[in-house]
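Geometric and topological summary
Single-letter residue listing:
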2 protein chains.
Amino acid sequence: MAISNIRYGEGVTKEIGMDLRNLGARRVCLMTDKNLSQLPPVNAVLNSLAKYGINFQMYDNVRVEPTDQSFLDAIKFAKKAEFDAYVAVGGGSVIDTCKAANLYASSPTSDFLDYVNAPIGKGKPVTVPLKPLIAVPTTAGTGSETTGVAIFDFKQLKVKTGIASRAIKPTLGIIDPLHTLSMPERIVANSGFDVLCHALESYTALPYNMRSPCPSNPINRPAYQGSNPISDVWALHALRIVAKYLKRAIRNPEDREARANMHLASAFAGIGFGNAGVHLCHGMSYPISGLVKTYKPKDYNVDHSLVPHGLSVVLTSPAVFTFTAQIHPERHLEAAEILGADIRTARIKDAGFILADTLRKFLFDLNVDDGLAAIGYSKADIPALVKGTLPQERVTKLSPRPQTEEDLSALFEASMKLY
Amino acid sequence: MAISNIRYGEGVTKEIGMDLRNLGARRVCLMTDKNLSQLPPVNAVLNSLAKYGINFQMYDNVRVEPTDQSFLDAIKFAKKAEFDAYVAVGGGSVIDTCKAANLYASSPTSDFLDYVNAPIGKGKPVTVPLKPLIAVPTTAGTGSETTGVAIFDFKQLKVKTGIASRAIKPTLGIIDPLHTLSMPERIVANSGFDVLCHALESYTALPYNMRSPCPSNPINRPAYQGSNPISDVWALHALRIVAKYLKRAIRNPEDREARANMHLASAFAGIGFGNAGVHLCHGMSYPISGLVKTYKPKDYNVDHSLVPHGLSVVLTSPAVFTFTAQIHPERHLEAAEILGADIRTARIKDAGFILADTLRKFLFDLNVDDGLAAIGYSKADIPALVKGTLPQERVTKLSPRPQTEEDLSALFEASMKLY
Ligand SMILES: NC(=O)c1ccc[n+]([C@@H]2O[C@H](COP(=O)([O-])OP(=O)(O)OC[C@H]3O[C@@H](n4cnc5c(N)ncnc54)[C@H](O)[C@@H]3O)[C@@H](O)[C@H]2O)c1
Ligand SMILES: NC(=O)c1ccc[n+]([C@@H]2O[C@H](COP(=O)([O-])OP(=O)(O)OC[C@H]3O[C@@H](n4cnc5c(N)ncnc54)[C@H](O)[C@@H]3O)[C@@H](O)[C@H]2O)c1
Ligand SMILES: [Fe+2]
Ligand SMILES: [Fe+2]
């Protein structure tokens, strides 16, 4: 298990200029999105860069929910200058874009598909050295500051996929909870659901010793290695924080304790799933995002339709955990208990239903859209959704219970309406 | 926070030859102690090296509870050959010796004191690159496979001290619980007490945001940074495992579940204290070990007198936590509860006494020697014990409550007899 460096604390961003100086950086690429470029997190970074006289160029053209095109645009920017360090200030969209920019600028002759996950891309191992990347997360969601993953929407194929390699894991994550205070309600909610699903999926993922094939040479093992006693610690801890603080963080922007705890939980869950992996909620979320029609979520200050990542994973969670509970019912029951269910008289064979009910109640309380139907999908879309899930083997095969195409159809169908 | 790589599982040692091949190692230094060289853990490593045709030289002269002399002997061995990788198979004594051998062989013109902790040594930062080191722990104790610390007994000064630098942290820790099955009872007990104290001390250490001076440049911050929300997760998790499994692991060598869990707890607690630090039990343990008279513990197959590290830390724990509870009583009470105390009617101001009583009962149940008197110390030794604690500032200043020399005297005195 490998973990990136993390620095945590209110205001720790102010040292980022010194970190860059320690790294010997002489020409820094600062990436963010248009919305964030006007907000306090980017301001804090700019102040520190100025204070330490760090030479930088800013790219604020990151697309919220990045695409192959938006990745390529950022890569083009990175290739033009000879940057010797990267700073990403934003949510998963920014951090992932910055990882990709660093990777392809460091490997300028590679084709874009070279490093994209197979079977969509070639999934080549990264052997070139990358530049240091400091990630400053501003959502409490993806945990991307701790993972070697960069996700994008492959427009031609209408499906989300990504790049997964330990090489793109940030050198340092600066977790400064002050940055979460500017998040509007739905961004707190949706990025928080991502944390919830990272924790639930990594805790229920296929155990590391049941995964097959197990490459006999450790160097060939995938980043996602199945649930294991170490990732379990992170997953459970993150889940407890979500149970205690997510509602508070959503409802009250002034609740610093709640927002700070969710910010940490997002890194904890990231470390957990970055080692164990995620499974069906994430595997099925990629076509849910990729096939978006006209849905425009509240609070997202963008000009294109999108299904926020956290929403796209959580909407199938009741169906998914009802399906997977057959394999590790005790873990599903334990998760339900942590999320507030009274399990004293519960029967173990009902574990899946109990967890699903707990999740539905949780989402209902938080005014989440009533299932896939509410974000624009109908039964007619199910074949396309299933088709978009099939290439997501990297994660779907970490489901504790194997699934057929019929199973996937049934899961999408069960997720059309939640309440 | 930084964490080394870990591989965990029964039998995972068999891949070590392949790991070395992946590292491109052509000449490996294998370190262990005389006792272990006859036991299954070393055997498993030798088999894998043979299978993958790895060229190696074995050094089995590690001293249990190493000294400056024994470190120097191992360093001499390492300097003679041009090793390109190191493998340490053993407890903390072996892993620490191997770290020192790798460090000084990689920095051949350095004086031994250069890297030893100040104020005893010069505490210089390590800037030379080291060779990869794979640690295979065989005790469930030090967590040295996860830390950048190497401890030895400085004979002239009659005091234990060490080297602390992220640079000496092992490249990979192979945690194979099969290796714990050959441990005799007292080694399980004493190394388990080390885990217990790592968890308790790091959980109660001065919080990271109260430590001073806080070097303004992050690069100058010490490895031990005070308790923080991430080290807390590891400390509490390790403590829960100790509470559940330590007694079982000690009493029944066939209890694989208990021994495997303690093996993992040792790495967890190592990650916790490797980031947060330890405080008074460890600070005071160094003279307790260093000034040893004639004590020869049961089950240690060695020809010199010694106080095993775990024993030397745990004997002062009731006194220490009675003293420190004044600062974070709620954490002390929480620890007592995890260790089995019924705290439903407890008053917060009694937290220290409650934790101390819980520890005393725990130690009594496990037939631990009745205090410092039982291992050969008397009141007359207290000034020397205090004097030996004073240079241990690196850890003692992480105590949540500052101590005077009188306080230290009183703590040693209160630790003479436990029951
Ligand atoms: N790399 C990984 O490990 C990983 C894991 C999960 C998800 N992801 C990916 O990350 C992306 C989602 O990232 P996200 O959920 O963090 O959101 P995001 O980066 O897409 O940002 C969502 C919106 O929130 C705004 N925002 C962000 N921080 C803000 C703040 N502090 N104040 C005000 N507004 C703020 C942004 O400007 C944007 O409009 C998806 O593409 C998803 O697939 C990556
Ligand atoms: N580097 C760190 O982070 C750190 C932390 C705490 C302690 N330490 C140091 O580590 C040393 C103590 O290490 P330890 O407690 O692991 O014990 P150890 O290495 O001193 O070994 C104790 C005895 O147990 C035997 N032994 C070890 N494994 C065995 C097995 N599987 N089967 C049978 N016998 C076995 C050894 O041969 C030896 O006789 C001390 O010097 C202490 O100061 C280091
Ligand atoms: Fe996610
Ligand atoms: Fe120790």
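Residues numbered from 1 in each chain as written. Chains lettered and ligands numbered in written order. Predicted model: local features only at pLDDT ≥ 70, side-chain atom pairs only at ≥ 80, totals over all residues. Heavy atoms only, no water.

To be explicit about the condition: UniProt positions are given in the numbering used here, feature names are shortened, and annotations may be inferred rather than shown by experiment.
Named according to an unreviewed UniProt entry, chain A is Hydroxyacid-oxoacid transhydrogenase, mitochondrial originating from Aptenodytes forsteri. One UniProt comment on chain A, placed under Subcellular location (unreviewed entry), says "Mitochondrion".

**Comments concerning the coordination of the iron ion (ligand 4)**
Residue and element names in this part refer to chain B. Defined as follows: Sites may look incomplete because water is not among the atoms; the donors themselves are N, O and S atoms within 2.8 Å of the metal, or within 3.2 Å for Na, K and Ca. A site with four donors is called tetrahedral when every donor-metal-donor angle falls between 85 and 135 degrees; four donors are called square planar, and six octahedral, when opposite donors sit more than 155 degrees apart and all other angles fall between 65 and 115; any other arrangement is irregular. Only DSSP runs of H or I with at least four residues qualify as helices, and only runs of E with at least two residues qualify as strands; both kinds are numbered from the N terminus onward. When accessible area is computed with a 1.4 Å probe and restricted to protein chains, residues below 20% of their type maximum are described as buried, those above 50% as exposed, and intermediate ones as partly exposed.
Around the iron ion (ligand 4), the protein contributes the donor atoms D194 (OD), H198 (NE2), H282 (NE2) and H309 (NE2), which lie 2.1 to 2.2 Å from the metal centre. Coordination at the iron ion (ligand 4) is irregular: its four donor atoms span angles of 82 to 168 degrees at the metal. For the iron ion (ligand 4), the donor residues sit on a single chain with the sequence spacing D-x3-H-x83-H-x26-H. You can see D194 sitting in helix α5 (residues 185-204) and its partner H282 sitting in helix α8 (residues 280-290), a full 88 residues away along the chain. Taking the relative accessible area as the measure of exposure, D194 reaches 2% and is therefore buried.

**Things to note about unusual backbone geometry**
Looking along the chain, the bond that leaves A118 of chain A and enters P119 of chain A is cis, with omega of 5 degrees. Turning to its location among the elements, P119 of chain A is positioned in the loop between α4 (92-106) and β5 (133-137). Phi at N367 of chain A takes a positive value of approximately 55 degrees, unusual for a residue other than glycine. By the element assignment, N367 of chain A lies in the loop between α12 (351-365) and α13 (382-389). We classify N367 of chain A as exposed; its relative accessible area is 61%. Backbone geometry places D299 of chain B, a non-glycine residue, at a positive phi of 80 degrees. Of note, D299 of chain B is situated in the loop between α8 and α9 (309-314).

**Focus on the side chain of Q392 of chain A**
All names here are of chain A. Worth spelling out the cut-off: Pairs of N or O atoms within 3.5 Å make up the polar contacts considered here, provided that, within protein, one atom can donate a hydrogen while the other can accept it, and that residues adjacent in sequence are counted only when both atoms are side-chain atoms. Here, two residues are considered to be in contact whenever any of their heavy atoms come within 4.5 Å of each other.
You can see Q392 is positioned in the loop between α13 and α14 (393-396). When its relative accessible area of 6% is taken as the criterion, Q392 is described as buried. Engagement of the side chain of Q392 in a polar contact is seen with the backbone oxygen of K160, the distance being 2.7 Å. Those residues in contact with Q392, other than ones at most four positions away along the chain, are V159, K160, G283 and Y286.

**Digging into the packing of α5 of chain B against helix α7 (residues 256-276) of chain B**
Residue and element names in this part refer to chain B. Test applied: Convention adopted: a line fitted to C-alpha atoms gives each axis, helices being fitted over their contacting stretch, and angles between N-to-C directions are expressed from 0 to 180 degrees. Every angle not falling under 35 degrees, over 145, or within 65 to 115 is termed oblique; those three ranges are roughly parallel, roughly antiparallel and roughly perpendicular. For a crossing to be left-handed, the near helix must be turned anticlockwise from the far one by less than a right angle; the clockwise case is right-handed. Residue classes follow a fixed rule: Ala, Val, Leu, Ile, Met, Phe, Trp, Tyr, Cys and Pro count as nonpolar, while Asp, Glu, Lys and Arg count as charged, and any other residue, Gly among them, counts as polar.
Between α5 and α7, the least distance of the axes is 9 Å, while the angle of their chain directions is 40 degrees. Between α5 and α7, the interaxial angle falls into the category oblique. Handedness of the α5/α7 crossing: left-handed. For the pair α5 and α7, contact is made by V188, G192, V195, H198, A199 and S202 and by R259, M262, A265, S266, A269, G272, F273 and A276, respectively. Broken down by class, the residue content of the contact of α5 with α7 amounts to eight nonpolar, five polar and one charged.

**Here we look at the coordination of the iron ion (ligand 3)**
Around a metal, the perfect tetrahedron of four donors has angles of 109.5 degrees, and the perfect octahedron of six donors has angles of 90 or 180 degrees. Residue and element names in this part refer to chain A. Those donors, D194 (OD), H198 (NE2), H282 (NE2) and H309 (NE2), are the protein atoms that reach the iron ion (ligand 3), and they lie 2.1 to 2.2 Å from it. Here the iron ion (ligand 3) binds four donor atoms, and the angle range of 83 to 168 degrees at the metal identifies the geometry as irregular. Read in sequence order, the donor residues coordinating the iron ion (ligand 3) give the pattern D-x3-H-x83-H-x26-H.

**Re the site of ligand 1**
Residues and elements named next belong to chain A. Put simply, the rule reads: Residue proximity to a molecule or strand is established when one non-hydrogen atom of the residue lies within 4 Å of it. Accessible areas in this description were obtained via Shrake-Rupley with a 1.4 Å probe; residue shielding takes into account the shown protein chains only.
The local shell around ligand 1 holds 31 residues, among which G92, S93, T138, T139 and T147 are the closest. Within the contact set of ligand 1, a nitrogen atom lies 2.8 Å away from a side-chain nitrogen or oxygen of D96. At 2.7 Å, a side-chain N or O of T139 approaches an oxygen atom of ligand 1. Against a free-state accessible area of 870 Å², the protein chains account for coverage of 98% of ligand 1.

**Examining the site of ligand 2**
Residues and elements named next belong to chain B. Taken together, 31 residues surround ligand 2, and among them G92, S93, T138, T139 and T147 come closest. Take V149: an N or O atom from its main chain is 2.8 Å from a nitrogen atom of ligand 2. With respect to ligand 2, the backbone of H179 contributes an N or O atom lying 2.8 Å from a nitrogen atom. Protein burial of ligand 2: of its 870 Å² of free accessible surface, 98% is covered by the chains. Those elements giving two or more residues to the shell around ligand 2 turn out to be α4 (92-106), β6 (149-154) and α5. Taken together, the residues of the shell around ligand 2 break down into 11 nonpolar, 14 polar and six charged.

**Some words on the nonpolar core**
Put simply, the test is: In this description, a nonpolar core means a group of buried Ala, Val, Leu, Ile, Met, Phe, Trp, Tyr and Cys residues linked to one another through side-chain atoms lying within 4.5 Å.
With 164 residues, the main nonpolar core has F193, L196 and I375 of chain A together with F193, L196 and I375 of chain B as its most contacted residues. Those residues in contact with L196 of chain B that lie beyond four places of it in its chain are L239, V242, V314, L339, L359 and F362 of chain B.

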